[in-house]
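Read off the chains here:
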Amino acid sequence: MLCSLLATAQQEQIRFNLVESVGEISLGKITGITQDPQGYMWFTDQDKNALTRFDGYSMKSYRYDAANPGGPGGSYPETVYADAKGYIWVGYYGMGLDRFNSRTEIFQHYRHRKDDPNTISSDTVNVMVMDRSGKLWVGTHNGLDVIDPESGGIQHFRYNPHDGSSLWGNNVRSLCIDQQGNLWAGTGIPWEGNIAGGLNRFRPETQDFTHYLGNHKIRAIREDSHGNLWVGALGNKLFLYNKQTDGFEEQDMMPEPSSPVDHITFIQEDGAGAIWIGTFESGIVRMDPTNRVITRFGNGQGLLDNSGWQAFTSREGVLWFSTQSSNLYRMDPLKKTFHFMHNVDGDLMGIQENGRGDIWFSTNTGIYQMNDLGKPKYLTVGDQPFKSFTFSRQSRFFPVEPGKDMVLLGGRLYRFDFASQRINAIFSDSDLIHQVIPLNKSQYLMTTASGLYEFNPDNAEKKKVSTPPMSVSALYRDGQGNTWVGGMNEEGLVRLANGNTAGTFAKGRSINTIYQDKNGRFWAGTPNGLIWQPDPNKDFEPFWKQGSPIGSTDINGLQEDENGLLWVSTRSGIFQINKERTRIRGYGFNQGVNPSTLTQAIYRTTDGRIMVGSKNGFYSFVPKDDAFQTVAPQIILRDLTVAGQLVVQLDNKKSIRLNHDQDIFSIGFAGIHFSNPGENTHLYKLEGYDPDWRKAGAERTAYYFNVPPGKYTFRVKVANNEDIWSEHSIPIEIVPAWWTTSLFRITASALLVLLLYAFIRWRTKQQFKRQLEKSQTEKQLSELKRRSSELEMQALRSQMNPHFIFNSLNSINRFILQNNKAQASEYLTKFSRLIRFILQNSEQQQITLDKELQSLELYLELEAVRFDHHFSYTIRVDPFLDPGSILVPPLIIQPYAENAIWHGLMHKEERGLLEIELYKKGKFLFCVIRDDGIGRQQAAALKSKSANTHKSMGMHITAGRIELLKGENPQASSIYINDLTLADGSSGGTEVILQIPLRYD
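All of these numbers come straight from a predicted model, not from anything done at the bench.

Our focus in this paragraph is the pairing of strand β15 (residues 172-177). Look at any regular strand and the pattern is simple: side chains alternate between the two faces of the sheet. The buried fraction of β15 is high, at six of six residues. Relative to strand β16 (residues 183-187), β15 runs antiparallel, the two sharing five bridges. Bridge assignment links Ile177 to a residue of β16, and that residue is Leu183. Counting the residues that bridge the hairpin from β15 to β16 gives five residues, and of these Gly181 lies at a positive phi of roughly 90 degrees.

What follows is the structure, given as structure tokens:
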């Protein structure tokens, strides 16, 4: 919220705008002010314990939270500085220094640690400034630090009583980098008398300090745009540096201090070059640098209190300053306030100047003469003033030469002799005259109730000029000798050359006024806007600029100044068009102009002053003071939300890419220009979607719904209150759903055709093949089922061959004969359990792996006992396997274990080892049966010599079962048998690997 307070400085009105609360955020005592490269203003607020950002419309605060390590590092901010890269540096009283990244919203903390020299000198930071090399100078309560943000290194400068070139005083309160790159540092605290102070100049090339103003406590240093270095100290003492003498001279222009602690708190130059000096208790002082005139502001003089604390000038030239009483002010020094002369009786309809420096004003009540821009007076004829005449129509004064001036009064034209105060009618007829313009020194043109005439006032001869039938409202003589006639009833313009019609223009428009600028271009004012003729071979066209009312308002008059600026008087205010005719600047109530009172009178005097008529007065100004000095607004894109949810901050985004389902979105934006933020105009357009520009509301947010996929450009245009425009854009792409893309449709169509073609071919082949293979397939299927059943039964029966059963019973009998009843009973129990497992599992095609391992372990235990533990065994299962859920064919491992015992380990002289390992690899279960027996070659040799004619079929049948599995899935199962070899080349046993597809229960 902005409130305005008015003050007057040397007849110039200054408006102080009080910056107050915005929404739920209010401001307290502002101890630091800065502006970042994007245009945001940043304030450190000690009362609210916050760092606050302001864009002219809304505020955002960052507050200390001990639970948030990435938040502000302190609760009592003292100063703030924005560097060129956009980092915000915040100094605290007693809580160190922060560097804030506004993009990530993370605060990096710098703290003082006694045992670490690479930390700041004190946790109380007073002031900061960055030099040309990008190093940050930090003034603290305990010396001056230089921080290299890139390397993190810190250099310290402190007072050394034994070094005359060291820093003079450790409490650094002010810093300034001058145009030569020298650093100036002021030290000392006004309310602590025992702490020394002074002014230090540090030269980077010599790395030492030169001292000035000893025993002065320096709080403010500023170099102005002219290279003058100003220094403010305790006691409201103001000093100016003299480069010739390399010394400082006290300036006798400041008010006396109000107390022993009163001192200069800031020195700041505004955008117009004025120097503003703040004091602790004696108000604010403004100095005009051109004449050194001083104006004081304070309580009752435009401000609410008498203190100043901090000041800053933003990029628009706007001055910001805070006070001890928690007030923050904003003042635009470039904002023009027009001077209004309110001393003319009646509506001012015409302004003329004669060759003698006299200004003449024509109104609907009389004619006035002013020769020194003082109080005007009525003209009189003898003792009879002109205002006693009956003015049923407008009056005009036409300067010619002394004794021959003309006046138009009540529709009659007179010669007027100012010296004799006499008037004489030029025409004796009763034809009422409306307008008169000069053609040359002796000839004039006038419009009357009966038509258009050329006349010579010396002999009263008049000649009627032939024109199309029209009600004449405007006359103009151009630089080429042509006469332009404007009609009032939508009759347009007629150009006359040598008394003949040479062209008609602007048909359908009523004409108020006609004008030709220095470049030969013609302009015309209408009740519905300004029109012009940029191409002499074409008709007039509207002069229209986005956001400006000049294209639709009632145009009163036009006048070009000596610099080529075109001034336009309208019912919406006074407008200035730049020399290139590309920009428009408007003046209205904020500049002291009441648009509704403006008349058609506008005139440039011989000294270059522009005068604009109004009711009961006129506005007067010098155009050179009103050139386009203001900068264009900075445009920021704040954020992107999709379906009401924040997606991304757009501060540094170059483009936006959205998915097809993100077609409901909004973009926040703002144009930053602090001259008068409330009058900034915001327009936006989604190019490729919006047909026209839209005007933004108070939220400055563009909302879009159901935007189809495609490529767009979001454009924002912002104008400040003086109609200076800037534009920003960002490309936006909404990616279509993959199934709606042309590539997908083409690919899908091609695949569909191929699939259809393949299906037809496959179907044809299948039908043909089915006829040929039908009988063979049925026969093979029947044989395969028969063989499968037979192999399964053979496998189950062969697992427990007669040798094993016979030998097991013999072992039981041997234990009984040895009267070893316990071992016999244990053996018999395990044997019966094994037989039960085999019978139970024989009914199932698949069993769980844990059941298979239980039956395998029972078998191995029985065999180990039967062979007097001539071998040992291990069963290792990968811990990542779940035996309770994996399915395998029953007794798939046992035949290979049996073969390893009987043919490998039984013939080994020393004790043997049988290893069984199960693990998962990919989609398969691998089972490894490994023995360190005599090997396959020696076992085959022994078998050929043996009289035992038994032929074990277990491994053969199991292989057949695996082959059946391969018939179902050729890649499913395999058996690998490897002969193991010792280092000396002898046999090291046999390894069998079963590859079984993983199946789960």
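With mixed pairing, the five strands of this open sheet are ordered in space as β70-β72-β73-β75-β74. Across the chains shown, the open sheet's two edge strands, defined by having one partner strand only, are β70 (871-877) and β74 (974-981). Strand-to-strand twist across the sheet, computed as the mean angle between neighbouring axes with direction ignored, equals 15 degrees. Contacting β70, β72 (912-921) and β73 (924-931), helix α4 (residues 849-866) crosses the sheet at an angle of about 170 degrees to β70.

It is worth spelling out the packing of helix α3 (residues 821-841) against α4 at this point. Between α3 and α4, the least distance of the axes is 9 Å, while the angle of their chain directions is 145 degrees. Crossing of α3 over α4 shows left-handed handedness. Listed contacts from α4 to Gln823, Tyr827, Lys830, Phe831, Arg833, Leu834 and Phe837 of α3 are Gln854, Ser855, Leu858, Tyr859, Glu861, Leu862, Val865 and Arg866. Of the residues in the contact of α3 with α4, the class split is eight nonpolar, three polar and four charged.

Let us now look at the environment of Tyr896. Looking at the element boundaries, Tyr896 is found in helix α5 (residues 894-905). Its relative accessible area of 4% is what places Tyr896 among the buried residues. In sequence terms Tyr896 and Leu994 are 98 residues apart; their C-alpha atoms lie 9.7 Å from each other.

Among the 12 residues of α5, 10 are classified as buried, and the element is accordingly described as predominantly covered. Taken residue by residue, α5 has Gln894, Pro895, Tyr896, Ala897, Glu898, Ala900, Ile901, Trp902, Gly904 and Leu905 as its buried positions.

This next bit is on the layout of surface pockets. If you roll a probe as big as a water molecule over the atoms, it shows you where there is empty space left. Considering only enclosed or pocket space, the largest pocket measures out at about 1600 Å³ in volume. Taken together, 44 residues make up the lining of the largest pocket; nearest its centre are Gln352, Arg396, Val436, Ile437 and Leu475. Secondary structure elements with two or more residues in the lining of the largest pocket: β31 (348-353), β37 (396-398), β41 (433-438), β45 (472-477), β49 (513-516), β53 (555-560) and β57 (598-604). If one sorts the elements of the lining of the largest pocket by residue count, β57 sits on top with seven residues. Classifying every residue of the lining of the largest pocket gives 22 nonpolar, 14 polar and eight charged.

What counts, and at which threshold
- Residues numbered from 1 in each chain as written.
- Predicted model: local features only at pLDDT ≥ 70, side-chain atom pairs only at ≥ 80, totals over all residues.
- Heavy atoms only, no water.
- Buried < 20%, exposed > 50% of the residue type's maximum accessible area, 1.4 Å probe, protein only.
- Helix = DSSP H or I, 4+ residues; strand = E, 2+ residues; numbered from the N terminus.
- Pairing = 2+ DSSP bridges.
- Axes fitted to C-alpha atoms, helices over the stretch in contact; angles between N-to-C directions.
- Contact = heavy atoms within 4.5 Å.
- Left-handed = near helix turned anticlockwise from the far one by under 90°.
- Nonpolar A, V, L, I, M, F, W, Y, C, P; charged D, E, K, R; others polar.
- 1 Å grid on protein atoms, 1.4 Å probe; cavity = no way out; pocket = protein on both sides within 12 Å on 5 of 7 lines; lining within 4 Å.
- Points joined across faces, edges and corners; volume = space filled by probe spheres on them.

Honestly, that's just the spatial picture; any functional story needs more than this.
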